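The lines below spell out each chain.
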Amino acid sequence: MRFSINIPNFGDFADPRNVATVAVAAEQAGWDGLFVWDHVLHRRHQGRPFGDPWMLLTAAALATSRIRLGALLTPVPRYRPQQLARQVATLDHLSGGRVIFAAGLGGPVEDEYGSFGDTAEPRLLAERLDEGLEVLRRFWTGEPVNHRGRHYEVRDVTLLPATVQQPGPPVWIGGFWPRRAPMRRAARWDGAVPLFETARHGHVPDVAEVQELVGYVRKQRTTEVERPFEIVLGGATSPDAAKARDVIGPLYDAGVTWWDERQVQSDPDLDRLLPVLRRVEAGPPVI
């Protein structure tokens, strides 16, 4: 099992220097990855400064050499594919091929889409997500792209440089379980990053639900693929190793391959540097 730290892109972490500080501490303490949120607007956290996730990850990449980096998760329908492809490829080169690309609809959809006059219809956003992912993967190869779809059109475009990782960075897909459609989408890519209706951000899901999800996704994996498939769960655990093992051990046995350390959204320390830094410096759980 591998372990990552998860921080928002607002509050203290709107400052790229603070994100770089956390990234360095995470690498030194033995964590395997650092993920930031990707929000333009989240009214629950209104009044805080927000930072651009790709700028934050750039600072983290410059300060580190080993840990994997990414946004958890990127709301692909909110971006133009060509812009997003450039950002990801640039970060993949800067980091030496350390990007993980986690994608989904994002949310809250009314905040992130409706507030700017965009559709907040989940079905249409899901269509843009699927089509956008296919266009991104083709852009990342560095080969000429021609595409005419319902939502995007590309006319003989080659975007260079290609990503260091080929045919692109690992793509993880987020979504709420027990909704099946996002997990069917995840099965076509490289990993699943589920949240649970019964255990929202920062809360540890029930093991029985995790077993059900893992079994469902494995049944959807009908094609042979070269890269491993990741099951990524997260929550808040104690820095006490024994207590953390009691929480994460059964999830590992159920098939979880990454543990993403997250705070509960209502935690007053969610976006404060020093409390997060103390947890990071305590190191990842040992399973």
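Everything here concerns the structure above.
Predicted model, so just to flag it, every value in this text is computed and none were measured.

Q: What is the right way to read the side chain of glutamate 112 from this model?
A: Along the polypeptide, glutamate 112 turns up in helix H4 (residues 109-112). Assessed through its relative accessible area of 3%, glutamate 112 is described here as buried. Of note is the side chain of glutamate 112, whose polar atom sits 3.3 Å from the side chain of arginine 78. Leaving out residues up to four positions away in the same chain, glutamate 112 has contacts with Asp38, His39, Val40, Leu41, Arg78 and Gly107.

Q: Please explain the environment of isoleucine 231 as it appears in this structure.
A: Among the secondary structure elements, isoleucine 231 is positioned in strand S10 (residues 230-235). A residue is classified by how much of its surface remains accessible, and isoleucine 231, at 6% relative accessible area, is buried.

Q: Looking at this structure, how should I read the sheet that holds strand S1 (residues 2-7)?
A: The strands making up a sheet associate through backbone hydrogen bonding, with each pair oriented either parallel or antiparallel. Taken together, 9 strands build an open sheet; the order of strands is S3-S2-S1-S11-S10-S9-S8-S5-S4 and the sheet is parallel. Of all the strands in the sheet, the pair left with one neighbour each is strand S3 (68-71) and strand S4 (74-75). By the bridge criterion, 2 bridges tie strand S9 (residues 191-196) to S10 in an arrangement that is parallel. Within the sheet, the bridge partner assigned to alanine 192 lies in S10 and is isoleucine 231. Sheet contacts for helix H1 (residues 16-29): S1 and strand S2 (33-36); angle to S2, the most-contacted strand, approximately 155 degrees. Across the sheet, helix H2 (residues 53-63) lies against S2, S3, S4 and strand S5 (101-104), angled at about 170 degrees from S3, the strand it touches most.

Q: Looking at this structure, I do not really get the side chain of aspartate 271. What am I missing?
A: Within the secondary structure, aspartate 271 sits in the loop between strand S11 (258-261) and helix H9 (273-281). Engagement of the side chain of aspartate 271 in a polar contact is seen with the side chain of arginine 48, the distance being 2.6 Å. With sequence-adjacent residues up to four places away left out, aspartate 271 is seen in contact with Pro8, Phe10, Gly11, Asp12, Phe13 and Arg48.

Q: Looking at this structure, how should I read empty space enclosed by the protein?
A: A water-sized probe, rolled over the atoms, reveals where empty space remains. What the rule picks out here adds up to 2 cavities of 30 Å³ or more. Around the largest cavity, the lining residues are Ala85, Arg86, Ala89, Thr90, Phe139, Trp140, Leu159, Leu160, Pro161 and Ala162. Among the secondary structure elements, those contributing two or more residues to the lining of the largest cavity are helix H3 (81-94) and helix H5 (122-140). Its residues assigned to classes, the lining of the largest cavity shows 8 nonpolar, 1 polar and 1 charged. Of the voids in this model, the second largest cavity is the one considered here, and its volume is about 30 Å³. In terms of lining, the second largest cavity is formed by Pro194, Leu195, Phe196, Ala199, Arg200, His203, Pro205, Leu233, Gly234 and Arg262. Contributing elements (two or more residues each) for the lining of the second largest cavity: S9 and S10. In terms of residues, the lining of the second largest cavity owes the most to one element, S9, which gives 3 residues. Here the lining of the second largest cavity is composed, by residue class, of 6 nonpolar, 2 polar and 2 charged.

Procedures and definitions
- Residues numbered from 1 in each chain as written.
- Predicted model: local features only at pLDDT ≥ 70, side-chain atom pairs only at ≥ 80, totals over all residues.
- Heavy atoms only, no water.
- Helix = DSSP H or I, 4+ residues; strand = E, 2+ residues; numbered from the N terminus.
- Buried < 20%, exposed > 50% of the residue type's maximum accessible area, 1.4 Å probe, protein only.
- Polar contact = N/O pair within 3.5 Å; in protein donor to acceptor, adjacent residues only side chain to side chain.
- Contact = heavy atoms within 4.5 Å.
- Pairing = 2+ DSSP bridges.
- Axes fitted to C-alpha atoms, helices over the stretch in contact; angles between N-to-C directions.
- 1 Å grid on protein atoms, 1.4 Å probe; cavity = no way out; pocket = protein on both sides within 12 Å on 5 of 7 lines; lining within 4 Å.
- Points joined across faces, edges and corners; volume = space filled by probe spheres on them.
- Nonpolar A, V, L, I, M, F, W, Y, C, P; charged D, E, K, R; others polar.

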